[in-house]
Amino acid sequence: MTRERLRTDRTRLRRYPKRAAYAREDLYAILDEAPVCHLGFAVEGQPYVIPTLCARVGDALYLHGSAASRTLRAAGEGIPVCVTATIVDGLVLARSAFFHSVNYRSVVVLGRAEPVDDPEEKTLALERFIDAVVPGRSQEVRAADRRELRATSILRLAIDEASAKIRNGPPSDREDDLALDAWSGVIPLELRPLDPVPDPTLRDGIAVPPSVAGYRVRHAAHPLHLAGP
Ligand SMILES: Cc1cc2nc3c(=O)[nH]c(=O)nc-3n(C[C@H](O)[C@H](O)[C@H](O)COP(=O)(O)OP(=O)(O)OC[C@H]3O[C@@H](n4cnc5c(N)ncnc54)[C@H](O)[C@@H]3O)c2cc1C
């Protein structure tokens, strides 16, 4: 798949196009690091934007939830959906109010989500979903039984039409503001795991498993260094 395939007329950035990325590896680094995404869809003309987990497996995004979920039912009926993922890397403080900004990496994916129905495919998809969120976790826990599988909806959204937008770097003050006394710079922000907290009902003697001990927020190696503003 080429960068031209992901960039369509609908996903081509018009505003600050130099911040755009369309290559799969750039988009996937952001999707894999973002802890949450937002799923947008319209029902009877009313747009909804619902926060949810999503997991990339290959060239698809998986979404999962209760079979009773209105969101997943609606999105799984083949209606157009939009998934966005956002990582905030810093607050950009300029010398003027106007040029304050945010360093961020975000992705927008457009398409139609399909339900994963076959029980075997569903089991595999759920396993891969869990491992995409916490690598190795599926091997440490009881797999879903048939009743739980029936109660779970899984949707697959092919990543065929998408864009990323990335801002990094210092503020972009106006030349004639550089002499002002106001401090300017960036407050970097990052998401990182703290020490795991055992469930109060956890039996004695159960050690922290490798998936938890080894959990790291996957930080992209900032593949793109695009110039501000
Ligand atoms: C970080 C995060 C991760 C999540 N991950 C998942 C996931 O992987 N799978 C999953 O099924 N659910 C997840 N949820 C919950 C998800 O946002 C929905 O609440 C849930 O899917 C139920 O959707 P529904 O359409 O059935 O809700 P309904 O109860 O049918 O929604 C009815 C109305 O309730 C309101 N509503 C629903 N959800 C929210 C919300 N989160 N915040 C505020 N108002 C809301 C909206 O107005 C909506 O139109 C997550 C939520 C968060 C914040």
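Residues numbered from 1 in each chain as written. Predicted model: local features only at pLDDT ≥ 70, side-chain atom pairs only at ≥ 80, totals over all residues. Heavy atoms only, no water.

Draft legend 1. Focus on the environment of T11. On the secondary structure map, T11 appears in the loop between α1 (3-6) and β1 (20-21). With 73 residues separating them along the chain, T11 and T84 place their C-alpha atoms 12 Å apart. The residues touching T11, leaving out its near neighbours within four places in the chain, are L6, Y22, L110, E161, A162 and S163. (Helix = DSSP H or I, 4+ residues; strand = E, 2+ residues; numbered from the N terminus. Contact = heavy atoms within 4.5 Å.)

Draft legend 2. View of the nonpolar core. Counting 29 residues, the largest nonpolar core has L61, V109 and I159 as the members making the most contacts within it. Those residues within four positions of I159 in sequence are excluded, and the remaining contacts are L6, R24, Y28, L31, R56, D59, A60, L61 and V109. Counting residues in hydrophobic clusters, the runner-up holds ten residues, among them V57, Y62, A125 and A132. (Core = buried A, V, L, I, M, F, W, Y, C linked by side-chain atoms within 4.5 Å. Buried < 20%, exposed > 50% of the residue type's maximum accessible area, 1.4 Å probe, protein only.)

Draft legend 3. The arrangement of the pattern of salt bridges in detail. Counted according to the given criterion, the structure contains 15 salt bridges. Notably, a salt bridge pairs E121 with R156, separated by 2.5 Å at the nearest N-O pair. Placement of E121 in helix α4 (residues 119-133) and of R156 in strand β9 (residues 152-158) is noted, with a sequence separation of 35 residues between them. The salt bridge partner of R137 is E140, with a shortest N-O separation of 3.1 Å. In the salt-bridge network here, residues are joined through shared partners; they are D9, R12 and R14. (Salt bridge = Lys/Arg side-chain N within 4 Å of Asp/Glu carboxyl O.)

Draft legend 4. Representation of the pairing of strand β6 (residues 80-93) in the model. Of the strand pairs in this sheet, strand β2 (residues 37-43) and β6 are connected by five bridges, and their pairing is antiparallel. Opposite C37, over in β6, you have A85 as the bridge partner. Sheet topology note: the β6/strand β7 (residues 101-112) ladder contains twelve bridges and is antiparallel. Paired with C82 across the bridge in β7 is L110. Summarising the sheet, β6 and strand β11 (residues 185-188) pair through four bridges and their orientation is antiparallel. Among the inter-strand pairings, L93 is bridged to a residue of β11, identified as G185. (Pairing = 2+ DSSP bridges.)

Draft legend 5. Expanded view of the site of the ligand. Near the ligand the following residues occur: V36, Y48, I50, P51, T52, L53, H64, G65, S66, S69, R70 and T71. In the model, an oxygen atom of the ligand is placed 3.3 Å from a nitrogen or oxygen of the T52 side chain. In the complex, 47% of the free accessible area of the ligand, which totals 870 Å², lies under the protein chains. Only β3 (46-52), β5 (60-66) and α3 (70-75) provide two or more residues apiece to the shell around the ligand. Counting residues per element, the shell around the ligand draws most heavily on β3, at four residues. (Near = heavy atom within 4 Å. Polar contact = N/O pair within 3.5 Å; in protein donor to acceptor, adjacent residues only side chain to side chain. Areas by Shrake-Rupley, 256 points an atom, 1.4 Å probe, with all protein chains shown as cover.)

Draft legend 6. Focus on unusual backbone geometry. Unlike most non-glycine residues, Y16 shows phi in positive territory, near 50°. By secondary structure assignment, the location of Y16 is in the loop between α1 and β1. Phi angles above zero are rare outside glycine, and E44 is one such case at about 50°. In this fold, E44 is placed in the loop between β2 and β3.

Draft legend 7. Highlighting the packing of aromatic side chains. For the structure on display, the rule yields two aromatic pairs. Where F41 meets Y48, the ring centres are 5.7 Å apart and the plane angle is 25°; that geometry is what we call stacked. Overall, the relative accessible area of 4% leaves F41 in the buried class. Between F98 and F99, the aromatic rings sit 4.9 Å apart at their centres with planes inclined by 80°, giving edge-to-face as the arrangement. Since its relative accessible area comes to 25%, F99 is described here as partly exposed. One cation-aromatic arrangement involves R7 over Y22; the distance from NZ or CZ to the ring centre is 5.3 Å. Taking NZ or CZ as reference, R19 lies 4.1 Å from the ring centre of Y16, over its face. (Phe/Tyr/Trp six-rings, centres within 6.5 Å; stacked < 30°, edge-to-face > 60°. Lys NZ or Arg CZ within 6 Å of the ring centre and 35° of its normal.)

Draft legend 8. Just the confidence of the model for the chain, in detail. When pLDDT is averaged along the chain, the result is 91, and 93% of the positions lie at 70 or above. At the low end of the mean pLDDT range in the chain sits α1, at 65; at the high end sits β11, at 98. Overall, residues 223-229 carries pLDDT values under 50, and its contacts beyond four positions in sequence, including any with other chains, amount to 20 contacts. (pLDDT = per-residue confidence, 0-100.)

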